[in-house]
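# Remarks on the overall topology
Residues per chain, in single letters:
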Amino acid sequence: MSNDAMRTQMETGQGFIAALDQSGGSTPKALRLYGIEEDQYSSEAEMFDLIHAMRARIATAPGFTGDKVIGAILFEMTMDREIGGKPAARYLWDDKRVVPFLKIDKGLEDEVDGVQMMKPIPGLSDLLDRAVGHGILGTKERSVIHSANPAGIANIVAQQVDLGFQVLDKGLVPILEPEVNIKATDKAEAEEILLAELTKGMDAIPEGQKVMLKLTIPTKPDLYAPLIAHPRVLRVVALSGGYSRDEACEKLAQNHGMIASFSRGLTEGLSAQQSDAEFNAALSEAVDAIHAASIT
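Residues numbered from 1 in each chain as written. Predicted model: local features only at pLDDT ≥ 70, side-chain atom pairs only at ≥ 80, totals over all residues. Heavy atoms only, no water.

## Section: helix H6 (residues 124-134)
Those residues of H6 that fall on the buried side of the exposure criterion are Leu124, Leu127, Leu128, Ala131 and His134. Projected down its long axis, H6 carries its buried residues within an arc of 120 degrees, all on one side. Residues of H6 that are exposed and point over 90 degrees away from its buried face: Asp126 and Gly133. The positive-phi residue at the C-terminal boundary of H6 is Gly135, with phi of around 85 degrees. (Buried < 20%, exposed > 50% of the residue type's maximum accessible area, 1.4 Å probe, protein only. Helix = DSSP H or I, 4+ residues; strand = E, 2+ residues; numbered from the N terminus. Arc of directions from axis to C-beta.)

The structure is reproduced here in structure tokens:
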């Protein structure tokens, strides 16, 4: 698997990143939206089998290709399983030309100073080594901002950048994700503070290294244009954050150079009860809409 080819695709590809990384806490909700209720499985193992089947169905669908889906973020358990008879990351790149990433965060701490920091990541070095062995290009790590608290936002960015350095040291590309809660009453103010802190963080990245940023679609269109143009930033991608697909696409299209990295926005309308033809048509419709918003 060619890191150079994958990196080039992420920097110049005309498309978006699929977030297929629902973890233990968010999996029941993702399955429910897919038409599988909690009384249809009796253990965590069954639950993860069902979510893997959903992800594999998405990844193997005819409309899921690198022409429009330039990357995909995987849950650790997905990385360790197979899709299409191959290790998941290798299937994505070899068969679909979709660049694989790995979610590495282990959830959120309780809110302090208006933010939720990432929990510690035990065995991080070994996990990153395994990711390299699987042919993963980079990682994704999420924390959340709930209010425009300067101290909290400074802390969250410092934690993200510090983890980013550890990822870079392994030759991987980190996607730093300090999400701003779309329901925050002072969302716009929080985003202005975040922009300033991220700019300082990006300035601290060594020359020759690049990271990616996954951010909530800003209240003020094109707010993150300076980050998109920053020499240490490979790409800025947007999370759907609880918006419907239509709303997320409409807002994203107002932000030039920012591409989607949607989870719920991608899987909205997909159902376990659909025939393959119905499922593939619904997925292709979603892919086309998100792709169009990402290249505006």
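Picking up where we left off.
## Comments concerning the side chain of Ser294
With respect to the helices and strands, the residue Ser294 is situated in helix H12 (residues 276-294). Judged by relative accessible area, Ser294 falls into the buried class, the value being 6%. Reaching out from Ser294, the side chain makes a polar contact with the backbone nitrogen of Ala260 at a distance of 3.1 Å. Separated by 2.9 Å, the side chain of Ser294 and the backbone oxygen of Ile290 make a polar contact. Those residues in contact with Ser294, other than ones at most four positions away along the chain, are Gly15, Phe16, Leu252, Met258, Ile259 and Ala260. (Polar contact = N/O pair within 3.5 Å; in protein donor to acceptor, adjacent residues only side chain to side chain. Contact = heavy atoms within 4.5 Å.)

## As for the side chain of Asp105
Tracing the backbone shows Asp105 in the loop between strand S5 (99-103) and strand S6 (115-116). By relative accessible area, which is 6% here, Asp105 ends up buried. A polar contact is formed between the side chain of Asp105 and the backbone nitrogen of Gly107, at a distance of 3.4 Å. Beyond its immediate sequence surroundings of up to four residues, Asp105 is in contact with Met118, Ile121, Lys140, Glu141 and Arg142.

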